[in-house]
Amino acid sequence: MTNEPTSPSSGPNAVGKTTAKVPLEPNSALAGKTTTAAATRKRSVKAVAADSSPLMNRRGWMGLAWASFAAATGGCLAATGRFMFPNVLNEPPQQFSIGFPNEYGDGVDERWKDRFAVWIVRTPFDVVHESAGFYALLTTCTHLGCTPNWLSAESKFKCPCHGSGFRPTGINFEGPAPRPLERAGILLGEDGQIVVDKSRKFQWELGQWSDPASFLRV
Ligand code: FES
């Protein structure tokens, strides 16, 4: 009976397992090398010293350059995405119903000014059409495009930007506005409601206010 040392892989559980050969001689490549804790500390100090070397600084700059490149590329992609999917503008419709004629009294009605940018005017007598009826005035000043205010006490539209004034008919009479306010198309819908059609515009100076589409007789 021999007392040979047994490795962990030589027992009954080692069936089919590969047995690694443990070199019995010291590795010649490691000859003369120290593996003590002091040597490990020495290597750490060398590594720290290497971190602050010019080589490490170059790596830092390279990293910064790559980060900048990635940020610029991302910005370009984001801009391209915005171009491909532009913001949707929710413009108010050009044609809309504004209720029944009997819901309006004579004079300027401002209920659709903010939403549709029109004043609805009911007149007992229109000089152009020689009839009672409705017309729709666009709320855009013909000087530089500001929105005038309706001053009921003075019975006029007054632009706050440069002082242009307009009669309830839309005719300009003071300030720099070169021409009257424009009128929009107006008609009676099938359901009996008034319909304003802003896709059609009528200019007084072009003789367009006499167009039947610019006035709703009642
Ligand atoms: S924009 Fe109305 S007066 Fe100038």
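Here's a quick rundown of the structure.

Conventions used here
Residues numbered from 1 in each chain as written. Predicted model: local features only at pLDDT ≥ 70, side-chain atom pairs only at ≥ 80, totals over all residues. Heavy atoms only, no water. Helix = DSSP H or I, 4+ residues; strand = E, 2+ residues; numbered from the N terminus. Pairing = 2+ DSSP bridges. Contact = heavy atoms within 4.5 Å. Salt bridge = Lys/Arg side-chain N within 4 Å of Asp/Glu carboxyl O. Disulfide = S-S within 2.5 Å. Core = buried A, V, L, I, M, F, W, Y, C linked by side-chain atoms within 4.5 Å. Buried < 20%, exposed > 50% of the residue type's maximum accessible area, 1.4 Å probe, protein only.

**Here's the deal with unusual backbone geometry**
Backbone phi values are negative for most residues with the exception of glycine, while trans is the configuration of most peptide bonds.
Here comes step 1: At Ala 117, a position not held by glycine, the phi torsion is positive, near 60°.
Here comes step 2: By the element assignment, Ala 117 lies in the loop between helix 3 (113-116) and strand 3 (118-126).
Here comes step 3: Residues other than glycine seldom take positive phi values, yet Glu 130 does so here, at roughly 50°.

**Some thoughts on the sheet that holds strand 6 (residues 156-158)**
As a general point, the strands of a sheet are linked pairwise by backbone hydrogen bonds and lie either parallel or antiparallel.
Here comes step 1: Read from one edge to the other, the open sheet built from 4 strands follows the order 5-6-7-8, with strand pairing classed as antiparallel. The sheet is open, and its two borders are formed by strand 5 (149-151) and strand 8 (172-174), each paired with just one other strand.
Here comes step 2: Where strand 6 and strand 7 (residues 165-166) come together, 2 bridges link them in antiparallel fashion. Residue pairing for strand 7: Lys 158 is matched across the bridge by Gly 165.

**Some details on the side chain of Ser 131**
Here comes step 1: By the secondary structure assignment, Ser 131 is in strand 4 (residues 131-138).
Here comes step 2: Excluding residues that lie within four positions of it along the chain, Ser 131 makes contacts with Pro 124, Phe 125, Asp 126, Phe 215 and Arg 217.

**Here we look at the pairing of strand 9 (residues 183-188)**
Here comes step 1: In terms of strand pairing, strand 4 meets strand 9 through 2 bridges, oriented antiparallel. Within the sheet, the bridge partner assigned to Ala 136 lies in strand 9 and is Ala 184.
Here comes step 2: Here 6 bridges tie strand 9 to strand 10 (residues 194-202), and the two strands are oriented antiparallel to one another. Bridge assignment links Leu 188 to a residue of strand 10, and that residue is Ile 194.
Here comes step 3: Between strand 9 and strand 10, which follow one another and run antiparallel, lie 5 residues, and Gly 192 among them has a positive phi close to 90°.

**A few points about the pattern of salt bridges**
Should the charged atoms of two oppositely charged side chains come close, the side chains can pair.
Here comes step 1: With the rule as written, the count across this model stands at 9 salt bridges.
Here comes step 2: With its nearest N and O atoms 3.3 Å apart, the salt bridge here joins Lys 156 to Glu 154.
Here comes step 3: The salt bridge partner of Lys 156 is Glu 174, with a shortest N-O separation of 2.9 Å. In this pair, Lys 156 sits in strand 6 while Glu 174 sits in strand 8, placing the two residues 18 residues apart along the sequence.

**Let's talk about the state of the cysteines**
Here comes step 1: All told, the structure shown has 1 disulfide when counted by the stated rule.
Here comes step 2: In this model, Cys 146 is linked to Cys 161 through a disulfide, with the two sulfur atoms separated by 1.9 Å. The disulfide joining Cys 146 to Cys 161 has a torsion of about -95° about its S-S bond and is therefore left-handed. Here Cys 146 is found in the loop between strand 4 and strand 5, whereas its partner Cys 161 is found in the loop between strand 6 and strand 7, with 15 residues between them in sequence.

**What to know about the nonpolar core**
Here comes step 1: Judged by nonpolar contacts, the single largest core of 15 residues is most densely connected at Ile 98 and Ile 120.
Here comes step 2: Breaking this core down by element, the ones donating at least two residues are strand 3, strand 4, strand 9 and strand 10.
Here comes step 3: The greatest single-element share of this core, amounting to 3 residues, is contributed by strand 4.
Here comes step 4: Counting 13 residues, the second largest nonpolar core, distinct from the first, contains Leu 137, Phe 157, Phe 166 and Phe 215.

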